[in-house]
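# Examination of the molecular architecture
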Amino acid sequence: MREFLLDGETISDEAEDFASRLAFAYRGRSRPICLCCNPGIPMYIAMIGDQPTIKRMPLTGGAHHQACPSYEPPYELSGLGALMGHAIKLDADGAAALRLDFSLSKRASAVSPSAGAEALERVRNDSRKLSLRGLLHLLWHEGGLTEWTARWAGKRHWWQVHSHLVEAARTMSVRGERLVGRVLVPEPFRMEDKTAIEKRRARALAPLFENKAGAKPLMILVGEIKDLTPVRMGQQVVIKHLPGFRLYLEDETWRRLQRRFETELTLWQSADNHHLMVIATIGGSPSGTVTAHEIALMTVTEQWLPVESVYETRLLEILTRKCEKTIKGLRFDLPRAQPYAAAVLPERPQPLALYIVPAGADSEFEARLKDMVEARPDLAVWIWRVDKDEMPDITD
Ligand SMILES: [Zn+2]
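None of the values given here were measured: they were computed from a predicted structure.

Parameters at a glance
Residues numbered from 1 in each chain as written. Predicted model: local features only at pLDDT ≥ 70, side-chain atom pairs only at ≥ 80, totals over all residues. Heavy atoms only, no water. Helix = DSSP H or I, 4+ residues; strand = E, 2+ residues; numbered from the N terminus. Rg over C-alpha atoms; globule rule 2.2 N^0.38 Å. Buried < 20%, exposed > 50% of the residue type's maximum accessible area, 1.4 Å probe, protein only. Axes fitted to C-alpha atoms, helices over the stretch in contact; angles between N-to-C directions. Parallel < 35°, antiparallel > 145°, perpendicular 65-115°, else oblique. Contact = heavy atoms within 4.5 Å. Nonpolar A, V, L, I, M, F, W, Y, C, P; charged D, E, K, R; others polar. Core = buried A, V, L, I, M, F, W, Y, C linked by side-chain atoms within 4.5 Å. Domains from an automatic or database assignment. Buried area = accessible area lost by both parts, 1.4 Å probe. Pairing = 2+ DSSP bridges. Donors = N, O, S within 2.8 Å, 3.2 Å for Na, K, Ca; no water. Tetrahedral: all angles 85-135°; square planar, octahedral: opposite > 155°, others 65-115°.

### Things to note about the overall build of the protein chain
- Counting its regular elements, the protein chain contains nine helices and 23 strands.
- The C-alpha radius of gyration of the protein chain comes to 21 Å, within 12% of the 21 Å expected for a compact globule of 396 residues.
- On the principal axes, the C-alpha backbone points of the protein chain span a range of 60 × 55 × 40 Å.
- Counting every position in the protein chain, which comprises 396 residues, the buried fraction comes to 53%.

Encoded structure:
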């Protein structure tokens, strides 16, 4: 059971009229307060599908009590820590103000949008700005899609992923503009709603085709790749829930994408139940096609939990069968040579941080890992050195 302060009254989430009270509070824009700590922590109500749902304000998970479902492990355990206060700041309304390392517009003079060196997300190590993949990780994290318990088995589908991503984008802004207006996450496609869905999509994409002088806006597409097929001058990407829509990559972009995201592509191809997510800045061309400017990929498991190696997949196969909650860690913009907690099990009296040391990790990796572990003596630690041991047991 969980208690909230709602419109001046304490209410339990097991109360019979909880859902109707939430719906009422949603319409009145009341802010619920989680009472896991004293003073309580302000939250907000979002509609997920047609369900009013209490969500955390951006990046407030650490303020909740460790046993509270809204608790999040310290951000220093993932790549999020390095970005906080730099690429990601909280503004006065509690929204996350982002500084992006990619452009949301293109100069009108750019003839070939996806050509050459600009086309692929550049590899940088700059914590003052958020990369495209970093943004995808942030949307996943803020959407709560990094959390899992076996009790949810079979219950997470695209419509939930879609709703949570859109809701997460609502809590973010870029240069004072709400990010949600720039993000296209395809809504679940249903044949019977085809006309209405296509109208909404056309309306969302219309700014890309406006014939105005000056810089042209770009949008951010987040979706699941259904298929990648060669076409005469490159590759076309088919996105699930976007029938009839094609995203074009020129040859050079596609070659670079394959090199940079070889692991993500291999993980996707080698497991039947994995999904391959794409995030891309997209622009319209005069001929009516949509072209990717910058693009990044992320592989997720059947539970939609992001993985970056086959070792993480194996670890999640164990963790996702547990009823206790797992929070998957994400790399964000940390370089591969730096450790982060692959997962945290937060519900234990002493939460467990799980680390994977990749094959060929150097002494600097080990030194950084030692620092991370020593900085958090309140956490129990599990470490898997993949070139030395089989996966160690995870005791309950
Ligand atoms: Zn709480």
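### Some thoughts on the packing of helix α3 (residues 132-142) against helix α4 (residues 158-170)
- α4 packs onto α3 with a crossing angle of 105 degrees between their chain directions and a minimal axis gap of 8 Å. When the axes of α3 and α4 are compared, the pair comes out roughly perpendicular. Of the residues in α4, those touching α3 at L139, W140 and E142 are V161, L165, A168 and A169.
- Its residues assigned to classes, the contact of α3 with α4 shows six nonpolar, no polar and one charged.

### Thoughts on the nonpolar core
- One finds L98, L135 and W140 to be the most contacted residues of the largest nonpolar core, which totals 66 residues.
- At seven residues, strand β18 (residues 290-300) tops the list of elements feeding residues into this core.
- The residues touching L98, leaving out its near neighbours within four places in the chain, are A87, I88, L130, L135, L138, M172, S173, V174, R175 and L179.
- Counting residues in each nonpolar core, the second largest holds 18 residues, with V307, A343, W382 and I394 among its members.

### Focus: the domain arrangement of the protein chain
- The domain boundaries assigned to the protein chain delineate domain 1 (3-56), domain 2 (77-300) and domain 3 (308-385).
- Computed from C-alpha atoms alone, the centre-to-centre distance between domain 2 and domain 3 is 26 Å.
- Opposite the 25 residues of domain 2 that make contact, domain 3 presents 28 residues.
- Counting the surface lost from both domain 2 and domain 3, the interface buries some 2,100 Å², and carbon and sulfur atoms represent 59% of this.
- When the buried surface of domain 2 facing domain 3 is broken down by residue, L77, T146 and W148 rank first, second and third, together holding 30% of it.

### With respect to the packing of helix α6 (residues 251-260) against helix α7 (residues 262-270)
- It is the contact of α6 with α7, at a shortest axis distance of 4 Å, that shows an interaxial angle of 80 degrees. By the angle between their directions, the pair α6 and α7 is classed as roughly perpendicular. On α7, the residues that touch L257, Q258, R259 and R260 of α6 are E262, E264 and L265.
- Its residues placed into classes, the contact of α6 with α7 shows two nonpolar, one polar and four charged.

### Looking at the pairing of strand β17 (residues 275-284)
- Extensive coverage of β17 is indicated by the burial of ten of its ten residues.
- Neither face of β17 is open: one carries H275, M277, I279, T281 and G283, the other L276, V278, A280, I282 and G284, and all of them are buried.
- Two elements, strand β14 (residues 219-231) and β17, share six bridges in a ladder whose sense is antiparallel. Paired with I220 across the bridge in β17 is T281.
- In terms of strand pairing, β17 meets β18 through nine bridges, oriented antiparallel. Residue pairing in the sheet places M277 in a bridge with M298 of β18.
- Where β17 hands over to β18, the hairpin turn is made up of five residues, of which G288 adopts a positive phi near 95 degrees.

### Overview of the coordination of the zinc ion
- Within the protein, C34 (SG), C36 (SG), H64 (ND1) and C68 (SG) serve as the donor atoms for the zinc ion, at 2.1 to 2.4 Å.
- For the zinc ion, the four donor atoms in the first shell make angles of 106 to 114 degrees at the metal, a pattern classed as tetrahedral.
- Here the donor residues for the zinc ion map to a single chain with the spacing C-x1-C-x27-H-x3-C. Judged on exposure class, the residue H64 and its partner C68 are both buried.

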